[in-house]
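# A look at the structure
Chain by chain, the residues:
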Amino acid sequence: MVHELGTVGMVCPFPLIEAQNKMDEMQVGEQLKIDFDCTQATEALPNWAADNGYPVTNYEQLGDASWTITVEKQ
């Protein structure tokens, strides 16, 4: 199951905080797709995923200032 978290328009660190809170509610094996436009999150979200052992299954830039990342809960 893929959960979607739209954080476009949120300033850092709120995309990361929202992702952490959502991940706490999820089951192992589920994925979280995060859409964001905060440039600091381009490093913060992948680093958070790596620090927590969450594989990144997708990460791409969608526009000049918008990205999406999908991480899997382990």
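Conventions and cut-offs
- Residues numbered from 1 in each chain as written.
- Predicted model: local features only at pLDDT ≥ 70, side-chain atom pairs only at ≥ 80, totals over all residues.
- Heavy atoms only, no water.
- UniProt positions renumbered as here; feature names shortened; annotations may be inferred.
- Core = buried A, V, L, I, M, F, W, Y, C linked by side-chain atoms within 4.5 Å.
- Buried < 20%, exposed > 50% of the residue type's maximum accessible area, 1.4 Å probe, protein only.
- Helix = DSSP H or I, 4+ residues; strand = E, 2+ residues; numbered from the N terminus.
- Contact = heavy atoms within 4.5 Å.
- Salt bridge = Lys/Arg side-chain N within 4 Å of Asp/Glu carboxyl O.

An unreviewed UniProt entry lists the chain under the name Oxidoreductase, with Mammaliicoccus vitulinus as the source organism. Taken directly from UniProt, the Sequence similarities (unreviewed entry) text for the chain runs: "Belongs to the sulfur carrier protein TusA family."

All right, on to the nonpolar core then. Counting residues in hydrophobic clusters, the biggest one holds 17 residues, and the most contacted among them are Leu32, Ile34, Leu45, Trp48 and Val71. Of all the secondary-structure elements, those providing two or more residues to this core are helix H1 (14-25), strand E2 (31-36), helix H2 (41-51) and strand E4 (66-72). Dropping the residues within four chain positions of it, Leu45 is found in contact with Pro15, Leu16, Ala19, Ile34, Phe36 and Ile69.

A word on the pattern of salt bridges. Taken as a whole and assessed by the stated rule, the structure comprises two salt bridges. We note a salt bridge from Lys22 to Glu25, for which the minimum N-O separation is 3.9 Å. A residue pair is termed a helical-turn pair when its members lie 3 or 4 positions apart in one helix, as Lys22 and Glu25 do in helix H1 at three residues. Taking the relative accessible area as the measure of exposure, Lys22 reaches 23% and is therefore partly exposed. For Glu25, a relative accessible area of 57% puts it in the exposed group.

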